[in-house]
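What follows is each chain in one-letter form.
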Amino acid sequence: MPDLIHDLVNDRIQTLHREAEEQRLIARVTRVQRARRRVQRANDRLREALSRQV
């Protein structure tokens, strides 16, 4: 019986580690998406400013 409990605990720990890694990946993807939107907005503002210069 102790082996079963030990296996269950190890499985749960592994699951928690996988879920934590998934959350870190999601956070990184979200940061990249936000950064891309900021770059796109900056490019749009620059394009707009340059078009007013001409």
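Parameters and conventions
Sequence order as written defines residue numbering, which begins from 1 separately in each chain. For this predicted model, a pLDDT threshold of at least 70 governs which residues receive local features, and a threshold of 80 or more governs which side-chain atom pairs are given and counted, while totals over whole chains, interfaces and linings are taken from all residues. Based on all heavy atoms of the structure, the side-chain values leave hydrogens and waters out of the count. Put simply, DSSP marks the helices as runs of H or I at least four residues long and the strands as runs of E at least two long, and each gets a number from the N terminus on. For the radius of gyration, the atom set is restricted to C-alpha positions; the globular benchmark scales as 2.2 Å times the number of residues to the power 0.38. Only protein chains enter the area calculation, which uses a 1.4 Å probe; residues under 20% of their type maximum are buried, those over 50% are exposed, and those in between are partly exposed. Method for areas: the Shrake-Rupley scheme with a 1.4 Å probe, in which residue coverage is limited to the protein chains shown. In this tally, Asp and Glu contribute negative charge and Lys and Arg positive charge; neither His nor the terminal groups of the chain are included. Taken as the charge location is NZ of Lys, CZ of Arg, CG of Asp or CD of Glu. Salt bridge, as applied in this entry: a Lys or Arg side-chain nitrogen positioned within 4 Å of an Asp or Glu carboxyl oxygen.

Caption draft 1: How the structure looks around the overall build of the chain. Within the chain, the secondary structure is distributed over one helix and zero strands. Taken over the C-alpha trace, the chain has a radius of gyration of 23 Å; the compact-globule value for 54 residues is 10 Å, which it surpasses by more than 25%. Viewed in the frame of its principal axes, the chain has a C-alpha envelope of about 80 × 5 × 5 Å. A total of 54 residues make up the chain; the buried ones form 0% of that total. With the model as given, the accessible surface of the chain reaches about 5200 Å², and the carbon-plus-sulfur share is 57%. A distance of 16 Å separates the average location of the 13 positive side-chain charges in the chain from that of its 8 negative side-chain charges.

Caption draft 2: The arrangement of the pattern of salt bridges in detail. Applying the stated criterion across every chain yields a total of four salt bridges. Salt-bridge contacts for Arg 47 lead to Asp 44; the nearest nitrogen and oxygen are separated by 3.0 Å. In this pair, Arg 47 and Asp 44 both sit in helix 1 (residues 2-53), three residues apart, roughly one turn of the helix. By relative accessible area, Arg 47 is classed as exposed at 52%. Here Glu 48 ties to Arg 52 by a salt bridge, and the two come within 3.8 Å at their closest N and O atoms. Of this pair, Glu 48 and Arg 52 both sit in helix 1, four residues apart, which is roughly one turn of the helix. Residue Arg 52 is classed as exposed on the basis of its relative accessible area of 58%.

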